[in-house]
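Each chain, written out:
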Amino acid sequence: MKIFSLFGNIKIKGCVFCSMILSIALILGRKIVNENSLELSLIDIVEFIIFTFVYIIAFYFVHFILTKDYSNRLINRVSKKIKKKPYKWSLLGFLISWSGHLIIKYPAGNCIDVINQIKMGMGTIPMTSHHPIFHTLVMKWFIKIGILLFDSMNIGIFLFVIVEAVIMALIFSYIIAILSKTRLPDIFLLISLIFFMVSPYIVGYVGQSVKDVLFSAFMVLFMVLVFQYTIKAEGVFGKKWNILLFISTAGSILFRNNGIYVIVPTFLIIFILECKKEKRKKHVVCVLCLLILSVLFPVLLNKSLCKMYNAEEGSIAEALSLPFQQTARSVKYHRDDYSSDDIEVINNILPFDALGKKYNPNISDPVKRMFNRDASMDDLKGYFKVWLKYFFKEPRCYMLATIEQNIYLIYPGFCNYRYYVDDNANISDTHLFKSSERIKKNQKYYLNMMEDFHSLPVFDFINNMAIYTILLLMIIVFALNEKKWDLLTLLIPLVLSVLVVVAAPCIKGHVRYMFPVIWSSPIWISAYRIIGKDKNE
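These lines cover the structure that appears in this document, whether it is placed above or below.

Rules and cut-offs
Residues numbered from 1 in each chain as written. Predicted model: local features only at pLDDT ≥ 70, side-chain atom pairs only at ≥ 80, totals over all residues. Heavy atoms only, no water. Phe/Tyr/Trp six-rings, centres within 6.5 Å; stacked < 30°, edge-to-face > 60°. Helix = DSSP H or I, 4+ residues; strand = E, 2+ residues; numbered from the N terminus. Lys NZ or Arg CZ within 6 Å of the ring centre and 35° of its normal. Salt bridge = Lys/Arg side-chain N within 4 Å of Asp/Glu carboxyl O. Patch = residues over 30% accessible without salt bridge, like charges linked within 9 Å, V, L, I, M, F, W, Y side chains within 5 Å. Areas by Shrake-Rupley, 256 points an atom, 1.4 Å probe, with all protein chains shown as cover. Buried < 20%, exposed > 50% of the residue type's maximum accessible area, 1.4 Å probe, protein only. 1 Å grid on protein atoms, 1.4 Å probe; cavity = no way out; pocket = protein on both sides within 12 Å on 5 of 7 lines; lining within 4 Å. Points joined across faces, edges and corners; volume = space filled by probe spheres on them. Nonpolar A, V, L, I, M, F, W, Y, C, P; charged D, E, K, R; others polar. Lys, Arg positive; Asp, Glu negative; His and termini not counted. Charge placed at Lys NZ, Arg CZ, Asp CG, Glu CD. Expected span 1.5 Å × (residues − 1). Axes fitted to C-alpha atoms, helices over the stretch in contact; angles between N-to-C directions. Left-handed = near helix turned anticlockwise from the far one by under 90°. Contact = heavy atoms within 4.5 Å. Core = buried A, V, L, I, M, F, W, Y, C linked by side-chain atoms within 4.5 Å.

### Side note on the packing of aromatic side chains
Then, in step 1: This structure, assessed with the given rule, holds 36 aromatic pairs.
Then, in step 2: With centroids separated by 5.2 Å and ring planes inclined at 70°, the aromatic side chains of Tyr 383 and Phe 384 adopt a geometry described as edge-to-face.
Then, in step 3: Plain terms: the ring middles of Trp 387 and Phe 391 are 5.7 Å apart, the flat faces sit at 20° to each other, and that makes the pair stacked. You can see Trp 387 and its partner Phe 391 sitting in helix α19 (residues 377-393), 4 residues apart, about one turn around the helix.
Then, in step 4: The aromatic ring of Trp 89 is capped on one face by Lys 88, whose charged end is 5.6 Å from the ring centroid.

### Quick notes on the pattern of salt bridges
Then, in step 1: Under the counting rule described, the total for this entry stands at 17 salt bridges.
Then, in step 2: What emerges from the salt-bridge pattern is a single network uniting Arg 30, Lys 31, Asp 44 and Glu 47.

### Notes on a nonpolar patch on the surface
Then, in step 1: The grouping of Ile 43, Val 46, Ile 50 and Val 54 at the surface amounts to a nonpolar patch, some 360 Å² of accessible area in total.
Then, in step 2: Position of Ile 43 relative to the elements: it lies in helix α3 (residues 42-67).
Then, in step 3: On the accessibility criterion, Ile 43 (53% relative accessible area) is exposed.

### Re the layout of surface pockets
Then, in step 1: Estimated volume of the second largest pocket: approximately 990 Å³.
Then, in step 2: Phe 461, Ile 462, Ile 467, Leu 471 and Ile 525 are, among the 32 residues lining the second largest pocket, the residues nearest its centre.
Then, in step 3: Elements supplying a minimum of two residues to the lining of the second largest pocket: α3, α9 (186-198), α22 (459-462), α23 (465-481) and α26 (521-536).
Then, in step 4: Grouping the constituent residues of the lining of the second largest pocket by class yields 29 nonpolar, 3 polar and no charged.

### A short note on a positive patch on the surface
Then, in step 1: On the surface, Arg 73, Arg 77, Lys 80, Lys 81 and Lys 84 cluster together into a patch of positive charge.
Then, in step 2: Relative to the helices and strands, Lys 81 resides in helix α4 (residues 73-84).
Then, in step 3: The class of Lys 81 is exposed, set by a relative accessible area of 57%.

### Details of unusual backbone geometry
Then, in step 1: Residue Pro 107 is reached from Tyr 106 by a cis peptide bond, and omega for that bond is 5°.
Then, in step 2: Mapped onto the elements, Pro 107 comes out in the loop between α5 (86-104) and α6 (112-122).
Then, in step 3: Residues other than glycine seldom take positive phi values, yet Asp 151 does so here, at roughly 55°.
Then, in step 4: Locating Asp 151 in the fold gives a position in the loop between α7 (133-150) and α8 (153-180).
Then, in step 5: For Asp 151, a relative accessible area of 69% puts it in the exposed group.
Then, in step 6: Although it is not a glycine, Lys 232 adopts a positive phi angle of roughly 55°.
Then, in step 7: Mapped onto the elements, Lys 232 comes out in the loop between α11 (211-230) and α12 (239-254).
Then, in step 8: Overall, Lys 232 belongs to the exposed group, its relative accessible area being 55%.

### A closer look at α7
Then, in step 1: For α7, which comprises 18 residues, the first-to-last C-alpha distance of 25 Å matches the rise-based estimate of 26 Å (1.5 Å per residue) to within 8%.
Then, in step 2: Residues of α7 that are buried: Ile 133, Phe 134, His 135, Thr 136, Leu 137, Val 138, Met 139, Lys 140, Phe 142, Ile 143 and Gly 146.
Then, in step 3: Downstream of α7 by one or two residues, Asp 151 has phi in the positive range, about 55°.

### Section: the packing of α11 against α12
Then, in step 1: The interhelical angle for the contact between α11 and α12, taken along N-to-C directions, is 145°, at an axis separation of 8 Å. When the axes of α11 and α12 are compared, the crossing they make is left-handed. Contacts from Phe 215, Phe 218, Met 219, Leu 221, Phe 222, Leu 225, Gln 228 and Tyr 229 in α11 reach Trp 241, Leu 244, Leu 245, Ile 247, Ser 248, Thr 249, Gly 251 and Ser 252 in α12.
Then, in step 2: Along the lines of polarity and charge, the residues of the contact of α11 with α12 split into 11 nonpolar, 5 polar and no charged.

### With respect to the nonpolar core
Side chains of a nonpolar character, in soluble globular proteins, are inclined to be buried together.
Then, in step 1: Core analysis: the biggest nonpolar cluster contains 145 residues, and Phe 172, Phe 227, Ile 518, Trp 519 and Trp 524 have the highest contact counts within it.
Then, in step 2: Not counting residues within four places of it along the chain, the set of residues in contact with Ile 518 comprises Phe 195, Tyr 201, Met 465, Tyr 468 and Val 511.
Then, in step 3: Ala 328, Ile 346, Trp 387 and Ala 401 belong to the second largest nonpolar core, which has 23 residues in total.

Here it is as structure tokens:
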């Protein structure tokens, strides 16, 4: 078609199929979010054809943008100055641009999870490993410092988020410094810098004490190190790179319990690649030791801290959110299909009669909270046999349970965001932190301003979670079409991050679960551009 010739003489295999999937998601998303219904009509078929065509054009347009040559005197001049001292200028820029966000959130942006963690750390409620114990203890230590030196919990938690922001700035500055050493076009470098400075998905969480901030920051550091490995940058497996890999791995595992599910498979891929291309046994052994130690240290530290503080183990129900949600929906809509024997098996794990009432299509928490913690492994095995039986019996029901909860990942019609300030959602505990009425008033103005950002023409695009998932899908398709197998090493941990979100209890209103993908977007977009450039030259 003539319209596609505008984007060059290329053919993107797989884009039609992916466009059809995204078109279906767009229609289902609109019905779920706006109409609270899944009933399809004739007009939906017409819309499907139109949306598929639009997505196909989007694939070609994005490919054109990512591969186009750019040159602008002003941009080149600004970029040239930044490249002289990229780490220094970007670090300074981040700290200056973020300072207002830190101050307005004083003492810190807190959500209910943070409040519970602090109570655990201060000993007012029992310690559990449901939340990462290391993060809980670090917040506790900062609060203790605040009380000891300033007689103020406010100052303690404020010092914590300041250090948190500095860590983020150091990591993002490192990314800019690494990108500046590649043959990346200047405009990509500047956009990456601006993205880190002003994106509400970043600045809105500067000053937040929630665990996902530090976890995502260390995951992004891990991604940029994998990026260096992917493009065969100088210094990979050198002393500095090895230390940073150890730090990023430890941070990713210590600050969130599910970080290990992304780290370990990625390490396995790197080890296999090194075994294939490296004949020196000594090098392969050193790589294996580095990867094992990087994972082993935070895992053992976590276990030691749990024993030291007698922390109650987190429930296995956290990892079973997806099947529990599917069972709950099945019981709600197909209760009569269950035999008395199957009901008895489910009752060993979850209260069968309550599942239909507690089922919420957006979040699995109401269901998983009913999990019987005294259930044995035999009970779980029995449950999964029943779960599998009804999976084949009612596949549509199971599929819809997953789609309704996770449609927000690929439905751009819903802007998924949530910001926390001290007085947001009435979660602030007066026994922990106190803010003046003036501070609370300013924080409400700030919250309204951040929400208004999502209605601005450019910001509503870069602050739409689904856009990043769709862009990632597009780059995977481009990489497969152009046989850029090296790029897949970087894309696999990103795909694993998305799958971890799918298996999580909720994504609506919890965009922070996708921050490893969103915050690292300048890395994986640049990786596609750089590898493509290298192969063309």
